[in-house]
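Spelled out from the first residue to the last, the chains are:
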Amino acid sequence: MRITKFGHACVRIEHDGNVVVIDPGMFTDPEAVDGATAVLLTHEHADHYDPTNLAATDAPVFTIAAVADQIGSRSPEIRERTTVVLPGEAFDAGLPVTAVGEKHAVIHPSFPGFANSGYLVSVGDETVFHPGDSFELPGQPVAVLCVPVGGPWLKLSETLDFAKAVGATRTVAIHDRTLSDIGLGMLDDRLKAFLDGVGSYHRLADGEDLPGARSA
C-alpha cells in the first residue's frame, strides 16, 4: 500500500496495481491523477472537484448525484464514465469502497446545505477513511484517517474530537491549503499531543508518501 498526499484534500492510494485518487480539486496538480484507475469525489465544491483534473485521466469516476449532475452539465463525456453512489453503498473501484454519510458539515445556518460522501477504502488488510467535508464517523476501525484541519466549516475542537473518536493508527492532515504555516504548526502540535497514545499524526507535503504505508 502506498498513500500519497496531494494538494489540499487530495489523497492517492496505490495497491496491487490499482490507483484510487480521492478529491483532486482546484488546489491539486493534474499529476495526482496520472495512472489513476478510479477517481472518487466527495462533494461538489471546487477544492474537491475540478473538471480539468478529471479530463486529465480516462479513469472511471465515482461520486454522489449532486456532483454527477454538475459533471453532466459541464463535461458530458466525463459523465459517461461516472457512477453515482448512495449512502452506505459498497462498490468496486478497483479497491473495495464503502460510501459513508450524506451531508456536508454546516458552514453557516444561513447558507444552503450540501451533500457529501466520505469513503472507506479497503487496502489489503487495512482501511483508509476520507470523510470529505464532514465529521461523520466511519462506524468501524480504520488504519488511516484523513482528517480535515482547516476550512470555514470547522474549528479545532471538532477536528481533535473527530480524530480521537475515529482512533486511527495513523492520522493524516488534509484540507489544509487555506491555512498559514504558523497556523499549521500550531495545529500539528495540538493534534500530536491530543492523539498521543491513540496513534501517530502526520502532515505531509504535496507529493509526499505516508511513512510506513508503502509496501510491496
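Overview of the structure. All residue numbers here refer to positions counted from 1 along the written sequence of the relevant chain. Only residues with pLDDT of at least 70 are given local features in this predicted model, and only at 80 or more are side-chain atom pairs given and counted; all residues enter the totals for whole chains, interfaces and linings. Side-chain figures throughout are based on the complete set of non-hydrogen atoms in the structure, without hydrogens or water.

Focus on the side chain of Asp 188
So, step 1. Its location among the elements puts Asp 188 in helix H5 (residues 181-194).
So, step 2. The exposure class assigned to Asp 188 is buried, which follows from its relative accessible area of 10%.
So, step 3. Contacts are assigned to residue pairs that have any heavy atoms within 4.5 Å of one another. Leave out the neighbours within four places in its chain, and Asp 188 touches Tyr 201 and Arg 203. Secondary structure elements are defined from DSSP: runs of H or I of at least 4 residues count as helices, runs of E of at least 2 residues count as strands, and each element is numbered from the N terminus. Partly exposed residues are those whose accessible area sits between 20% and 50% of the maximum for their type, while under 20% is buried and over 50% is exposed, using a 1.4 Å probe and protein chains only.

Things to note about the sheet that holds strand S12 (residues 170-174)
So, step 1. When DSSP locates at least two bridges between a pair of strands, those strands are taken to pair. Spatially, 7 strands are ordered S7-S8-S9-S10-S11-S12-S13 in an open sheet, and the strand pairing comes out mixed. Either end of the sheet is taken by a strand with one partner, and the two such strands are strand S7 (90-92) and strand S13 (200-202). If you compare each strand with its neighbour and ignore which way they point, the axes differ by 25° on average.
So, step 2. The pairing of S7 with strand S8 (residues 96-100) spans 3 bridges and is antiparallel. When the bridges of S8 are listed, Asp 92 appears paired with Pro 96.
So, step 3. Most of the contacts of helix H4 (residues 156-166) go to strand S11 (residues 144-148), to which it runs at about 170°, and overall it touches strand S10 (126-130) and S11. Only the stretch in contact is used when fitting a helix axis, every axis being a line fitted to C-alpha atoms; angles between N-to-C directions are given from 0 to 180 degrees.

Looking at the pairing of strand S9 (residues 118-123)
If a strand is regular, its side chains alternate between the two faces of the sheet.
So, step 1. Where burial is concerned, most of S9 is hidden: 5 out of the 6 residues are buried.
So, step 2. Sheet topology places S9 next to S10; 5 bridges connect them, and they run antiparallel. Pairing of Val 121 across the sheet is with Val 128, part of S10.
So, step 3. Hairpin connection between S9 and S10: a loop of 2 residues separates the two successive antiparallel strands, and Gly 124 in this loop has a positive phi of roughly 65°.

Topic: the environment of Val 19
So, step 1. Here Val 19 shows up in strand S3 (residues 18-22).
So, step 2. When the C-alpha atoms of Val 19 and Ala 36 are compared, they prove to be 4.8 Å apart, with 17 residues separating the residues in sequence.
So, step 3. Those residues in contact with Val 19 that sit more than four places away from it in its chain are Arg 12, Ile 13, Glu 14, Gly 35, Ala 36, Thr 37 and Ala 38.

What about the environment of Gly 197?
So, step 1. Turning to its location among the elements, Gly 197 is positioned in the loop between H5 and S13.
So, step 2. In this structure the C-alpha to C-alpha distance between Gly 197 and Val 123, which are 74 residues apart in sequence, comes to 24 Å.

Some thoughts on the nonpolar core
So, step 1. Counting residues in each nonpolar core, the largest one holds 26 residues, and the members touching the most others are Ile 13, Leu 40, Phe 91, Tyr 119, Val 121 and Val 128.
So, step 2. When residues of this core are traced back to their parent elements, those giving at least two are strand S2 (11-15), S3, strand S4 (38-40), S8, S9, S11 and S12.
So, step 3. By residue number, the principal contributor to this core is S9, which donates 3 residues.
So, step 4. Here Leu 40 is in contact with Val 20, Val 21, Ile 22, Asp 23, Pro 24, Phe 62, Phe 91, Ala 93, Val 97, Tyr 119 and Val 121, once residues within four sequence places are set aside.
So, step 5. Here, nonpolar core refers to any group of buried Ala, Val, Leu, Ile, Met, Phe, Trp, Tyr and Cys residues whose side-chain atoms link them within 4.5 Å. With 18 residues, the next largest nonpolar core counts Val 142, Phe 162, Ala 173 and Leu 184 among its residues.

Focus: the sheet that holds strand S6 (residues 82-84)
So, step 1. Read from one edge of the open sheet, 7 strands run S6-S5-S4-S3-S2-S1-S14, paired in mixed fashion. Of all strands in the sheet, those bounded by a partner on one side alone are S6 and strand S14 (208-209).
So, step 2. Pairing of strand S5 (residues 61-63) with S6, which is carried by 3 bridges, proceeds in the parallel orientation. Directly across from Val 61, in S6, lies its bridge partner Thr 82.

Comments concerning the packing of aromatic side chains
Here a ring pair, both rings aromatic, is described through the centre-centre distance and the interplanar angle of the planes.
So, step 1. Aromatic rings from Phe, Tyr and Trp, taking only the six-membered ring of Trp, are treated as a pair when their centres fall within 6.5 Å; an angle between ring planes under 30 degrees marks them as stacked, one over 60 as edge-to-face, and anything in between as tilted. In total, this model carries 4 aromatic pairs according to the counting rule given.
So, step 2. Between Phe 62 and Phe 91, the aromatic rings sit 5.1 Å apart at their centres with planes inclined by 20°, giving stacked as the arrangement. On the criterion of sequence distance, the pair formed by Phe 62 in strand S5 and Phe 91 in strand S7 is long-range, its members being 29 residues apart.
So, step 3. Phe 91 sits in the buried class, given a relative accessible area of 11%.
So, step 4. Both rings, one in Phe 91 and one in Tyr 119, keep their centres 6.2 Å apart while their planes meet at 85°; by these two values the pair is edge-to-face.

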